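Below, each chain spelled out in residue letters.
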Amino acid sequence: MRAFALGLIFSAAVAPCLAQTILKSEPLILAPYEIALVQDASCPVGKVLKVTGAIRGLHRRKTCVSLAAEQASLAIATP
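Residues numbered from 1 in each chain as written. Predicted model: local features only at pLDDT ≥ 70, side-chain atom pairs only at ≥ 80, totals over all residues. Heavy atoms only, no water.

K.L.:
Quick one: what's the story with the pattern of salt bridges, residue by residue and with numbers?
P.N.:
Enumeration according to the criterion identifies 2 salt bridges in this entry. For the salt bridge of E26 with R60, the shortest nitrogen-to-oxygen distance reads 2.8 Å. Highlighted residues: E26 in the loop between β1 (22–23) and β2 (35–38) and R60 in the loop between β3 (47–52) and β4 (61–66), separated in sequence by 34 residues. Ionic pairing is found between E26 and K62, a salt bridge with its closest N-O pair at 3.2 Å. (Salt bridge = Lys/Arg side-chain N within 4 Å of Asp/Glu carboxyl O. Helix = DSSP H or I, 4+ residues; strand = E, 2+ residues; numbered from the N terminus.)

In structure tokens, the structure reads:
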């Protein structure tokens, strides 16, 4: 029972961390391997730009990814 309660508390603390904010523009500073989602015109409708930070001397990795239905509705509602 104690393990179940501990797992429940742990999952409640981790769940908000899984949410990803969708930005309007690409950040100037991005730590290596950090991921930022950007609502950009370079990707088709229903997709966002996924920018992954790189170590010094390398270019950032940019790809268009689709969002889940819940995240997509939040992306449209974000001011």
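K.L.:
Which residues make up the environment of Q39, and what are the values?
P.N.:
Position of Q39 among the secondary structure elements: in the loop between β2 and β3. On the basis of relative accessible area, Q39 is assigned to the partly exposed category, the value being 39%. C-alpha of Q39 to C-alpha of C64: the two residues are 25 residues apart in sequence and 9.9 Å apart in space. (Buried < 20%, exposed > 50% of the residue type's maximum accessible area, 1.4 Å probe, protein only.)

K.L.:
Tell me about the sheet that holds β1, residues and numbers included.
P.N.:
With mixed pairing, the 4 strands of this open sheet are ordered in space as β1-β2-β3-β4. For this open sheet the edge positions go to β1 and β4, each flanked by a neighbour on one side alone. Bridging between β2 and β3 involves 4 bridges; their strand directions are antiparallel. From the neighbouring strand, V38 faces β3, where its bridge partner is L49. (Pairing = 2+ DSSP bridges.)

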